[in-house]
Amino acid sequence: MIELEGVPELIDPVMVAAFEGWNDAGDAASTAVAHLDREWKGEVFAALDAEDYYDFQVNRPTVWLDGGVRKITWPTTRLSVVRVGGDKPRDLVLVRGIEPSMRWRSFCNEILGFAHELGVEMVVVLGALLGDTPHTRPVPVSGVTSDPDLARTMDLEETRYEGPTGIVGILQEACTHAGVPAVSLWAAVPHYVSQPPNPKATLALLNRLEDLLGLRIPLGELPEDARAWQVGVDQLAAEDSEVAEYVQTLEEARDTAELPEASGEAIAREFERYLRRRDPGPAQPPGGHATESGDATYLRDTSSGRTRPPKPVRPEAGPGQPGGPATGRPPADGPGDRSPDADGGPAEPYADGTDSDGTGNGPADDDGPDGSPSQG
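Residues numbered from 1 in each chain as written. Predicted model: local features only at pLDDT ≥ 70, side-chain atom pairs only at ≥ 80, totals over all residues. Heavy atoms only, no water.

On to the pairing of strand S8 (residues 141-145), then. Most of S8 is tucked away: five of the five residues are buried. Note that S8 and strand S10 (residues 182-190) share four bridges and pair antiparallel. When the sheet's bridge partners are listed, Val-144 is paired in S10 with Ser-184. Relative to strand S9 (residues 157-158), S8 runs parallel, the two sharing two bridges. Across the sheet, the residue bridging to Val-144 is Glu-157, located in S9. (Buried < 20%, exposed > 50% of the residue type's maximum accessible area, 1.4 Å probe, protein only. Helix = DSSP H or I, 4+ residues; strand = E, 2+ residues; numbered from the N terminus. Pairing = 2+ DSSP bridges.)

If you look at the biggest cluster of nonpolar residues, it comprises 40 residues, and the most contacted ones within it are Val-16, Leu-92, Val-124, Leu-126, Leu-185 and Leu-213. Those elements that place two or more of their residues in this core are strand S1 (14-20), helix H1 (28-39), strand S5 (78-84), strand S6 (90-98), strand S7 (122-131), S10, helix H6 (199-213) and helix H7 (222-238). At eight residues, the largest contribution of residues to this core is made by H6. When near neighbours in sequence (up to four residues on either side) are disregarded, Leu-185 contacts Val-124, Val-125, Leu-126, Gly-127, Val-141, Ser-142, Gly-143, Leu-205, Arg-208, Leu-209 and Leu-212. (Core = buried A, V, L, I, M, F, W, Y, C linked by side-chain atoms within 4.5 Å. Contact = heavy atoms within 4.5 Å.)

Across its 17 residues, helix H8 (residues 241-257) extends 24 Å between first and last C-alpha, which sits within 8% of the 24 Å expected from 1.5 Å per residue. For H8, the full list of buried residues reads Val-243, Tyr-246, Val-247, Leu-250, Glu-251 and Arg-254. Projection of H8 onto a plane perpendicular to its axis shows the buried side chains occupying an angular sector of 145°, all on one side. Along H8, exposed side chains directed more than 90 degrees from the buried face belong to Ser-241, Glu-245 and Thr-256. (Expected span 1.5 Å × (residues − 1). Arc of directions from axis to C-beta.)

Glancing now at the state of the cysteines. Applying the stated rule across the entire model yields zero disulfides. Here Cys-108 is not disulfide-linked; the sulfur of Cys-175 is the nearest cysteine sulfur, at 7.6 Å. Exposure remark for Cys-175: the relative accessible area of 0% places this residue in the buried category. (Disulfide = S-S within 2.5 Å.)

It is worth spelling out the packing of aromatic side chains at this point. Any two aromatic rings considered together are summarised by their centre-to-centre distance and by the angle between their planes. Per the counting criterion, the structure on display carries five aromatic pairs. Ring centres of Phe-56 and Trp-74 lie 4.9 Å apart, and the angle between their planes is 50°; on these two criteria the pair is classed as tilted. Here Phe-56 is found in the loop between helix H2 (50-53) and strand S3 (62-66), whereas its partner Trp-74 is found in the loop between strand S4 (69-73) and S5, with 18 residues between them in sequence. According to the relative accessible area criterion, Trp-74 is partly exposed, its value standing at 39%. Seen in terms of ring centroids, Tyr-192 and Tyr-246 are 6.0 Å apart; in terms of plane orientation they differ by 85°. Their pairing is edge-to-face. One end of the pair, Tyr-192, is in the loop between S10 and H6; the other, Tyr-246, is in helix H8, and 54 residues separate them in sequence. Accessibility assignment for this pair places Tyr-192 and Tyr-246 in one class, buried. Linked through ring pairs, Phe-19, Tyr-53 and Phe-107 together constitute an aromatic cluster. (Phe/Tyr/Trp six-rings, centres within 6.5 Å; stacked < 30°, edge-to-face > 60°.)

On to the confidence of the model for the protein chain, then. Looking at the protein chain, the pLDDT average stands at 76 and 67% of residues meet or exceed 70. Mean pLDDT across the elements of the protein chain bottoms out in strand S11 (residues 299-301) (38) and peaks in S1 (97). For residues 281-308, every residue scores under 50 in pLDDT, and the model assigns this stretch 53 contacts once sequence neighbours within four places are set aside. (pLDDT = per-residue confidence, 0-100.)

Going from Pro-196 to Pro-197, the amide bond is cis rather than trans, its omega being -5°. Turning to its location among the elements, Pro-197 is positioned in the loop between S10 and H6. Its identity as a non-glycine residue notwithstanding, Arg-103 has a phi of 55°, on the positive side. The topology assignment puts Arg-103 in the loop between S6 and helix H3 (104-118).

Moving on to the packing of H6 against H7. The relative placement of two packed helices comes down to the angle between their axes together with the axis-to-axis distance. The contact between H6 and H7 brings their axes to 8 Å, and the two run at 140°. The angle between H6 and H7 falls in the class oblique. The element H6 and its partner H7 pack so that their crossing is left-handed. Only Leu-222, Pro-223, Asp-225, Ala-226, Trp-229 and Gln-230 of H7 make contact with H6, whose side of the interface consists of Pro-199, Lys-200, Thr-202, Leu-203 and Leu-206. (Axes fitted to C-alpha atoms, helices over the stretch in contact; angles between N-to-C directions. Parallel < 35°, antiparallel > 145°, perpendicular 65-115°, else oblique. Left-handed = near helix turned anticlockwise from the far one by under 90°.)

Have a look at this one:
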């Protein structure tokens, strides 16, 4: 039985979740939830028992010093709550952790138990996948759901994906079977510059979340970081003629495919976001860098303070191509712009490579066109 002590009665709560690992290319999704937690000063009220869900040889605990006293931080999933002020205040329940190594069904049932006890009205799971998308264009973000009614009312794609999945796809299906409305938002990260962080993809996820929930999210320094990241990748790509030519090919394909995007609907979405940002609303604390610790984990040019992203991977030796790096991530078959052969994202110390049962080595999550991309 879940007992929640010290958690006040929540107002129209929505649960927003993201998990590091297979479903989190460029750390874009987990960084987005960390940003919400920091900007709205989230208070942790629960943590799942690490012994139940994590293989500590895959997701190792860390030792640190606190005033000379050694302490251990165990890999886990934590839940916090934040209140969004304004004319119509509401609460967000933030779920942030690492994709579990085992017992995925029990893991999802425990998350749903919290959702039930807190009266959560909808669950939004954030993910990121690798795709054939140029870094110079807006980040594609797909919204998918298994609920046909939700797809109609919220202008989402109804998931049609079939294949290996990750915890994002499993959690979305668990919500559907439990009768809890659930949506997955997926950002496509350029596979040739997949190393974390990717502030541009994080920003795109937060913008789409704003549109979905009708919120005004304080972005802090994230827009500036996103611009600096793109400038840095531009400079690095310009140093390699083959990468520059490949990026141009992706740009031409994207522009041809998305000419209709200069539509009244797209313009209306941007205008609504602009109006929301003109409304000063309640005073917000100054923004920071979207990392779990609050410190920037990406490289910075100390002379300018701008983000310096890692060097792009040459297209002929990129993920999913002969001679390309073994990234430890599965092929990209989720929503958005991606190559079916792109074999994944950055190799991360916590990537567990589990399949949809939480055992074995399967490709990525199933929240693609259906709500479960095989990527992240």
